[in-house]
Amino acid sequence: MTSPTFAESRFGLGPRGDDGTVSIGDPRSWAVAQIARFQPAIANLPSRAAIATELADFYELRRTAKADARQESPPSVAMMSKAAMPKAAVDPAIKAARREARDGYARLVGARLASALSTPTPFLERITHFWANHFAVSAQKVTTVGFAGLLEMEAVRPHVTGRFGDMLLAAEQHPAMLFYLDQAQSIGPNSALGQRAAARGANRGLNENLAREILELHTLGVRTGYDQADVTEFARALTGWTVAGVGRGPGARFVTGNPGDFSFVDALHEPGARTILGRRFAEGGEGQARAVLEMLAVHPATARHVATKLSRHFAADDPPPAMVARLERAFLSSGGDLPTVYRALIASPEAWDETQPKFRSPWDWTVASLRAVGTREVQPLPAVALLNQLGQPVWMPPSPAGWDDDAASWAGPDALVRRVEAAQRIAERANAVDARSLAPVLLGAQLAPATATAIARAESPTTGLALLLASPEMLRR
Amino acid sequence: MFNRRKFLANGVLAVSAACLNPHLAFAAGAESGDKRFVFIIQRGAADGLAILAPTGDPAYAGLRGDLAADIATGTKLDSMFTLHPALAQTAKLYAAKEALLVHAVASPYRDRSHFDGQNVLESGGLAAYRIKDGWINRLLGELHGGKAVALSPTVPLALRGAVPVESYAPSNLPDASDDLLIRIGDLYAQDRQLGPLWNQALAARAKAGDSGDAKGAAAAGTLAARLLGGPDGARVAMIETNGWDTHNGQRGRLTAQLTGLDSLLSALKSGLGPAWRDTMVIVATEFGRTARANGTGGTDHGTGALAMILGGAVTGGRVMADWPGLAPQALYDGRDLKPTMDLDVLITDSLARHFGLDPIRTSSILFPDRRA
């Protein structure tokens, strides 16, 4: 008999403290039923076009600022003492543009968190976060700070209960991905623009970053049999995939479409047929790389890769082989139909082993803690700061591989202290929550007597709540 | 040592003398004007017997043993009481007659739960959870004009109620309190994964030094002074201090706690400048700690406690206590300092005098369940 609180933590985002003892019923049915009810739309998102226009304006500002600086430098500057020299003055307009971009990022983090706190389908919300991390982009680049969060909203959410292949295509054609993995800069050496650049002696050409990461991270997985030639050929097929309306990158004037939208520029595309994983892809403009993605989306190695990651997320850091095999079969037999995979996941006994808890990532723990104390609305900037301090800034993983999904990455001495500090902070901000009555609501059968005793003996209601949030049971799901 | 009855007889007990004076006319409410009030709550039950030690009581040394070692270097206030050495600035306030120390005091609460005790202390009820708002908020209703602010992320119970109150806290993650760290350590000790990680974390923390506490406390004092400053500043503020629940390692922890409190008070005074003259600070805790040291270098939950009233508007420089003594038969339940003075009355009288309020009405508003 699975305890409901375990189900809500393992498959959902943790029980909401203010839901009291509302029963979720049979945990497996509870999870399955959410698949049909998932609502991809999220309120109050900034538009892609607005972000693209802001980015274009930013580049324009920077260009004019540089030009102004060159013009205005008086010849006497060399005579000025070093102390009197202005410190690499940054144009206030550029500063304002940067601030605007950061605020936009924070608003998106706020929207993600608000959805996580109030969602009626927490299992699918968790799955959304899983896929956003699978198709990881980082908001740390000027070009991606605004778009990174939108990838989750626009490319992941609409396909969470659809086909893997559709999500793959949407993610790879998203401006965040095209900028983050440098696809927007890639030029086919024999394309019209490539030839023109070569004639000028400019060193511009192919960038294989996106092609490599699609194979290594998004589909087949590392060391699954593709080689450098496959990467290069795939990179050639991808040339021409870029972003409209940002006024930057090779052949910006050839790019058509609404600002921020995916655009295919034939003048950048490497002409000719390509051979990838032994299969020939005829020339077909934008469709050539699309055909490659379609092949990769249903490849057995992709099925195994996805099944392994899902099993790691829902069962154990060392994915149980039987479960991986089960999910792999579900993926392959359905052609990458994600609901079929999720149902196989929910049916896997390995995911319901309460004796093998997963260590919560900082994001996971923060969401669970805020839900626990009944928070529904959050201020974006403090939320951004909290996740930074906990070591998992939203949409800023250290590499395209995304955040690790195991205890070894998150259970460290310093990380633990930070979590306790954050627990204290969250507890201080929670209004009139009595941890003594909340603990059984949150943890059910998992509540250890030692934790209940520690909470009851706490020196103040706030300390009691902090103890609950930082308890061993709450650190895991 | 001063005796409360003697105080009353001599009329030197300024706080109570005011409300006994029949010639003073009181309005139904008062303009807060330049008067300022700061409430500092010590969450966790501060050990009054260590902070203001009754070193003149013949039973004290025997009850406390090694736990009382620090008091040897404290400030001897009279033949009975010695102030903890970590309260050096507070001792100066005492010498300047700006600190009134009130011993063997207690709220109406007589059990030993922090949750319930703090609820009574903050709500002003006779029992826990009987009154939903806080006595400081009800006080605000009596003061016409003047904002109130809590130096915490949310408004604590004592300030909650009908009158809107602001709260203010710095945005960085606070250092977790030592108390929380100790409790977490206990909780993680049995966990194979978390136990060793926690020990490493504490070792790293010890290496980094923990001078942050006093600095943080001084910053809180400075911040409070800023929020209370100027003509538009708050007139009432509440500051929360945690970490007083010293079941073990009391000597070191209490020294750190008191160093923090001392820095806070000192920073508050210097930050307020001339406004200190019009300021009254009350420091209080939910209950005291056992008279006898326990087996783990600390003390357990008790009853009678210490309250401190400080500020330029206070007639201080004295200890107020109807001292019950620490002999076995004098202890409450055979273990705690017996309370001989009501914290409610002390608060009522102090505030009534400070703001020029009718003490009887003030008592009925702040502590409505008390029998008149």
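Calculation criteria
Residue indices follow the written sequence of each chain, beginning from 1 at its first position. Chains carry letters and ligands carry numbers; both start at the beginning, A for chains and 1 for ligands, and go up in the order they are written. Confidence filtering applies because this is a predicted model: local features only for residues at pLDDT of at least 70, side-chain atom pairs given and counted only at 80 or more, and all residues used for totals across whole chains, interfaces and linings. The contact rule is simple: place each C-beta atom from the backbone, and if two of them lie within 7 Å, those residues are in contact. Here a strand is any run of E in DSSP of at least two residues, a helix any run of H or I of at least four, and the numbering for each starts at the N terminus. Residues were grouped as follows: Ala, Val, Leu, Ile, Met, Phe, Trp, Tyr, Cys and Pro as nonpolar; Asp, Glu, Lys and Arg as charged; and all remaining residues, including Gly, as polar. Pairing between strands is defined by DSSP: at least two bridges between the two strands are required. For this entry, the nonpolar core is defined as buried Ala, Val, Leu, Ile, Met, Phe, Trp, Tyr and Cys residues connected by C-beta atoms within 7 Å. Any residue whose C-beta has 12 or fewer other C-beta atoms within 10 Å is treated as exposed, any with 20 or more as buried, and any in between as partly exposed, C-beta atoms being built from the backbone. Multiplying 1.5 Å by the helix residue count minus one yields the expected span of that helix. Axes here refer to lines fitted to C-alpha atoms; in helices the fit is confined to the stretch in contact. Angles between the N-to-C directions go from 0 to 180 degrees. Working rule for angles: under 35 degrees goes down as roughly parallel, over 145 as roughly antiparallel, 65 to 115 as roughly perpendicular, anything else as oblique. We call a crossing left-handed when the near helix sits turned anticlockwise from the far one by less than a right angle, and right-handed when that turn is clockwise. The predictor attaches a confidence to each residue, and that confidence, scored 0 to 100, is pLDDT.

**Observations concerning the interface of chain B and chain A**
At the interface, 35 residues of chain B touch 32 residues of chain A. Sort the elements by how many residues they give to the side of chain B that touches chain A and helix α8 (residues 178-189) of chain B lands first, with eight residues. Of the residues in the side of chain B that touches chain A, the class split is 16 nonpolar, 11 polar and eight charged.

**Re the environment of Ser79 of chain B**
Relative to the elements of secondary structure, Ser79 of chain B occurs in the loop between β5 (75-76) and β6 (82-83). Sequence separation between Ser79 of chain B and Asp116 of chain B is 37 residues; the distance between their C-alpha atoms is 36 Å.

**A word on the sheet that holds strand β4 (residues 52-53) of chain B**
Residues and elements named next belong to chain B. Taken together, the three strands give an open sheet; going across it, the order is β4-β6-β5, and neighbouring strands pair in antiparallel fashion. The open sheet has two free edges, formed respectively by β4 and β5, since each of these has just one partner strand. Sheet topology note: the β4/β6 ladder contains two bridges and is antiparallel. Following the sheet pairing, Leu52 is matched in β6 by Leu83.

**Overview of the nonpolar core**
Within the largest apolar cluster, 141 residues are counted, with the highest numbers of intra-cluster contacts made by Leu151, Leu327, Leu467 and Leu469 of chain A. Ignoring anything within four residues of it in the chain, the contact list for Leu151 of chain A reads Phe135, Val137, Val156, Ala171, His174, Ala176 and Met177 of chain A. In this structure, Ile40, Val105, Val149 and Leu228 of chain B belong to the second largest nonpolar core, which totals 100 residues.

**Some points on unusual backbone geometry**
If you check the backbone angles, Asp182 of chain A has positive phi at about 65 degrees while not being a glycine. Note that Asp182 of chain A resides in the loop between α8 (175-180) and α9 (192-200). Residue Asp182 of chain A is classed as partly exposed on the basis of its 15 C-beta neighbours within 10 Å. The backbone of Asp333 of chain B shows a phi angle near 55 degrees, a positive value even though the residue is not glycine. Within the secondary structure, Asp333 of chain B is located in the loop between β14 (318-321) and β15 (341-342). Residue class for Asp333 of chain B comes out exposed when judged on the 11 C-beta atoms lying within 10 Å of it.

**What about helix α11 (residues 250-272) of chain B?**
Its 23 residues place the ends of α11 of chain B 32 Å apart at the C-alpha level, agreeing with the 33 Å of an ideal helix rising 1.5 Å per residue. Immediately downstream of α11 of chain B, the backbone of Gly273 of chain B shows phi near 60 degrees, a positive value.

**A short note on the pairing of strand β7 (residues 99-106) of chain B**
All names here are of chain B. In terms of residue burial, β7 counts as a mostly covered element, since eight of its eight residues are buried. Where β7 and strand β13 (residues 305-310) come together, five bridges link them in antiparallel fashion. Its bridge partner lying in β13, Ala99 is registered against Leu310. Both β7 and β14 contribute to a ladder of three bridges, which runs parallel. Paired with Leu100 across the strands is Arg318, a residue of β14.

**With respect to the packing of helix α19 (residues 413-429) of chain A against helix α22 (residues 461-469) of chain A**
Residues and elements named next belong to chain A. Contact geometry of α19 with α22 gives a least axis separation of 8 Å together with a crossing angle of 130 degrees. In terms of their interaxial angle, α19 and α22 are classed as oblique. Crossing hand, α19 versus α22: right-handed. Packed against α19, whose contacting residues are Ala423, Gln424, Ile426, Ala427 and Glu428, the element α22 presents Thr462, Leu465, Ala466 and Leu469 at the interface.

**What about the confidence of the model for chain B?**
When pLDDT is averaged along chain B, the result is 87; 87% of the residues meet or exceed 70. For this predicted complex, the interface confidence reaches an ipTM of 0.83, while the overall pTM sits at 0.78.

**Examining the packing of helix α4 (residues 92-118) of chain A against helix α6 (residues 148-156) of chain A**
Two packed helices can be described by the angle between their axes and the distance between those axes. Residue and element names in this part refer to chain A. Taken N-terminus to C-terminus, the directions of α4 and α6 make an angle of 40 degrees; their axes are 9 Å apart at the nearest point. Taken as axis vectors, α4 and α6 run oblique relative to one another. Classified by chirality, the crossing of α6 by α4 is left-handed. Of α6, the residues touching α4 (which contributes Tyr105, Leu108, Val109 and Arg112) are Gly149, Leu150 and Glu152. For the contact of α4 with α6, a count of residues per class yields four nonpolar, one polar and two charged.

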